[in-house]
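Structure assessment
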Amino acid sequence: MKICENACFPCTSIANSCAGPQRLVTRYIYGSIFLLTTVLAWMVRDYTHTLLSKLDSLKGCEGGHDCLGSEGVLRLSLGCFAFFFVMYLTTVGTKKIHDPRDSWHTGWWPIKSLMWIALMVVPFFVPSAFIRLYGEVARFGAGIFLTIQLLSVIHFTYWWNEDWLSEKKARHCRIPMVVVTASSFSAALSGIVLMYIWFSPKVSCGLNIFFITLTLVMIQIMTSISLHSKVNAGLMTSGLLALYIVFLCWSAIMSEPLSAKCNTRPRQTGKGDWVTITSFILAILAIVFATMSTGTDSDCFSFKDKRKVKTDEDVPYGYGFFHFVFAMGSMCFAMLFVDWNLNQTMHK
């Protein structure tokens, strides 16, 4: 690229790295960074309490298992948020591929790798008071992420439905559409039944019953609207959205403490609970995929004229929005890992 050729730096590996991989491939690299941070947060939460207890900034935990785990997750989340927020500030507004910020987004990986490593370490030396403040802010950031994600999922399901119903694919996609629709509704209804069995065994579990029933009612309303003649969105759209809102309800109710009377989900002792492990893995993969897909879906949040055709000089997606979604996703995974409960962290 020209910016490399005109640069004042010698042709070292760092200077050559500014060319970077293809722009569309770059997002998978950022997704891998996000996934790695998420896995590190899980390991810190469950397996590094002895090491964390030796840090001066975590002495206030007094060796408490939940406290050390929550503090560690929030500190890694802070580092991940800082990394992507810096990337957001330095790439927002990039429109053309000849903009120097385009090469910063797609390349300079040695520099960005060092920056990521530093931001993973530095938060562990930050005072706990600041971490508590970040935790409160992270609640709102996670809410923003879930809202953006919901709008993106709706946009994606409608695009998928219209694509398979197009003249070119309608004939060949009939059976796959029936399979996807049936599987989505079956999985959603199975999730509803399991939530009723495991999380609302008594009439006194009113809050759980309310949210599970509300989810079921929303599925019925969405299906009715999708089948209305003026909408005619089809069953696949409502089936995929039904599966998504059941996943959200499941994730929320799963955060209920294991000691709660309404949580009768069968579980084994220790960390070998297959339901917890499966749900945890699915949650990680879902948030990474949702963050990547939402981050590149900036067009559905734009109020500009969508009839404008992109040229080869335009960037393939909004870099600033892409990194902003990852920054909000960093807050979201922290809330999921600590079950939205900041009371486990250190108090004054």
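Above this text is the structure in question.
Model, not experiment: these values are computed from the prediction. (Residues numbered from 1 in each chain as written. Predicted model: local features only at pLDDT ≥ 70, side-chain atom pairs only at ≥ 80, totals over all residues. Heavy atoms only, no water.)

**Some words on the packing of aromatic side chains**
A complete count under the given rule lists 21 aromatic pairs for this structure. Ring centres of F81 and F85 lie 5.3 Å apart, and the angle between their planes is 20°; this geometry places the pair in the stacked category. Here F81 pairs with F85, and both are found in helix α5 (residues 65-91), just four residues apart, close to one helical turn. Classification of F85 as partly exposed rests on a relative accessible area of 29%. Three or more aromatic residues link up through ring pairs in this structure, and these residues are Y30, F34, F83, F84, W109, F322, F326, F333 and F337. One residue, K112, lies across the ring of W104, its end atom 5.4 Å from the ring centre. (Phe/Tyr/Trp six-rings, centres within 6.5 Å; stacked < 30°, edge-to-face > 60°. Helix = DSSP H or I, 4+ residues; strand = E, 2+ residues; numbered from the N terminus. Buried < 20%, exposed > 50% of the residue type's maximum accessible area, 1.4 Å probe, protein only. Lys NZ or Arg CZ within 6 Å of the ring centre and 35° of its normal.)

**Some details on the packing of helix α9 (residues 174-199) against helix α11 (residues 235-254)**
Here α9 crosses α11 at 25°, and the two axes come no closer than 8 Å. Relative to α11, the element α9 is oriented roughly parallel. The two elements α9 and α11 cross, and the hand of that crossing is left-handed. Residues belonging to the contact of α9 with α11 are distributed by class as follows: 20 nonpolar, five polar and no charged. (Axes fitted to C-alpha atoms, helices over the stretch in contact; angles between N-to-C directions. Parallel < 35°, antiparallel > 145°, perpendicular 65-115°, else oblique. Left-handed = near helix turned anticlockwise from the far one by under 90°. Nonpolar A, V, L, I, M, F, W, Y, C, P; charged D, E, K, R; others polar.)

**A word on the pattern of salt bridges**
Any two side chains of opposite charge can pair, on the condition that their charged atoms come close. Applying the stated criterion across every chain, the model contains three salt bridges. R75 is the salt-bridge partner of E71, the closest N and O atoms lying 3.1 Å from each other. Of this pair, E71 and R75 both sit in helix α5, four residues apart, which is roughly one turn of the helix. Classification of E71 by relative accessible area gives buried; the value is 0%. The class of R75 is buried, set by a relative accessible area of 0%. Between R101 and D99 there is a salt bridge, with its nearest N and O atoms 2.9 Å apart. (Salt bridge = Lys/Arg side-chain N within 4 Å of Asp/Glu carboxyl O.)

**Remarks on the nonpolar core**
Of all hydrophobic cores here, the largest spans 50 residues; its most connected members are Y30, I33, F83, F84 and M335. Only α3 (23-47), α5, α7 (109-121), α8 (128-164) and α13 (319-337) provide two or more residues apiece to this core. The biggest single contributor to this core is α13, with 13 residues. Here M335 is in contact with L74, G135, A138, R139, A142, W340 and L342, once residues within four sequence places are set aside. Listed in part, the 19 residues of the second largest apolar core include I192, M195, I219 and Y244. (Core = buried A, V, L, I, M, F, W, Y, C linked by side-chain atoms within 4.5 Å. Contact = heavy atoms within 4.5 Å.)

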